[in-house]
Amino acid sequence: MDFHARLSHAVTRYRAEVAEPREHLSLLRWQMAEGHALDRRDTFPGHLTTSAFVLSPDHARILLIDHVVIGRWLQPGGHWEEAERFHLSAAREAEEETGVQGLMLHPWHAGEDVPFTIDSHDVPGKPARGEPDHIHHDLQYLFLADPALPLVAQIEEVHAATWKPIEALAAIAPRALDRLSSLQKP
């Protein structure tokens, strides 16, 4: 399956199986219908990113990064780069940015590539690159990892990587936090 077919499949399943009634994903779906190259970071008004909610096995902690450019704590992630499945792109970002070891796709996904959440959010442009303000359509996946293992922050992109209480998601990703509260721990 090519990128566009995989994205259509992931978004269709997400809307049918996961999304709340008011999660329309209108801009993302419009861009898909128009055939926009969402796999390219120079596609506007938006393009695809992937990110990882890396949980401790007991779901009490979440792995977060202090993002250099954005200047706040976020889940690891970045622009989508070629990968066989979207969650593999998210895993690669988490591993690159934090050095997390033993990363495993959360059982919630049942081995499938359906996102846990899809979050389309505003991102400031970079005038030096001729890049306008735009949208990141972020496919977000759940992973598990052992918080006792060492982390190594990728200092080019993050000031730090650390485990924080799961409640830290309230300010970052409230929808994900709400969904996590209803999950059974593995």
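Quick look at the structure, then.

Details of the side chain of His136
Mapped onto the secondary structure, His136 falls in strand E7 (residues 134-144). Overall, His136 belongs to the buried group, its relative accessible area being 12%. There is a polar contact of 3.4 Å between the side chain of His136 and the side chain of His47. Separated by 3.3 Å, the side chains of His136 and His79 make a polar contact. Non-local contacts of His136, meaning those with residues more than four positions away in its chain, are made with His47, Thr49, His79, Asp119, Ser120, His121 and Val123.

A few points about the nonpolar core
The tendency in soluble globular proteins is for nonpolar side chains to be buried as a group. Residues Leu7, Val54, Phe86, Leu103 and Phe143 are the most contacted members of the largest nonpolar core, which totals 28 residues. Breaking this core down by element, the ones donating at least two residues are helix H1 (3-17), strand E1 (46-55), helix H3 (86-98) and E7. Of the residues forming this core, the biggest block, five residues, is contributed by H1. Core analysis: the second largest hydrophobic core is formed by 16 residues, Phe53, Leu142, Ala173 and Ala176 among them.

Here we look at the pattern of salt bridges
Applying the stated criterion to the full structure yields 11 salt bridges. Arg92 is the salt-bridge partner of Glu93, the closest N and O atoms lying 3.4 Å from each other. You'll find Glu93 and Arg92 in the same group, each marked buried. Among the ionic contacts, a cluster of salt bridges with common partners joins Glu20, Glu23, Arg175 and Arg179.

Here's the deal with unusual backbone geometry
Note that the residue after Phe44, namely Pro45, is joined by a cis bond; omega there is 20°. Tracing the backbone shows Pro45 in the loop between helix H2 (26-33) and E1. Positive phi values are uncommon outside glycine, yet His59 reaches one of about 65°. Summarising the element assignment, His59 is placed in the loop between E1 and strand E2 (61-67). In this structure, Ala110 is a non-glycine residue whose phi angle is positive, near 50°.

Cut-offs and rules
- Residues numbered from 1 in each chain as written.
- Predicted model: local features only at pLDDT ≥ 70, side-chain atom pairs only at ≥ 80, totals over all residues.
- Heavy atoms only, no water.
- Helix = DSSP H or I, 4+ residues; strand = E, 2+ residues; numbered from the N terminus.
- Buried < 20%, exposed > 50% of the residue type's maximum accessible area, 1.4 Å probe, protein only.
- Polar contact = N/O pair within 3.5 Å; in protein donor to acceptor, adjacent residues only side chain to side chain.
- Contact = heavy atoms within 4.5 Å.
- Core = buried A, V, L, I, M, F, W, Y, C linked by side-chain atoms within 4.5 Å.
- Salt bridge = Lys/Arg side-chain N within 4 Å of Asp/Glu carboxyl O.

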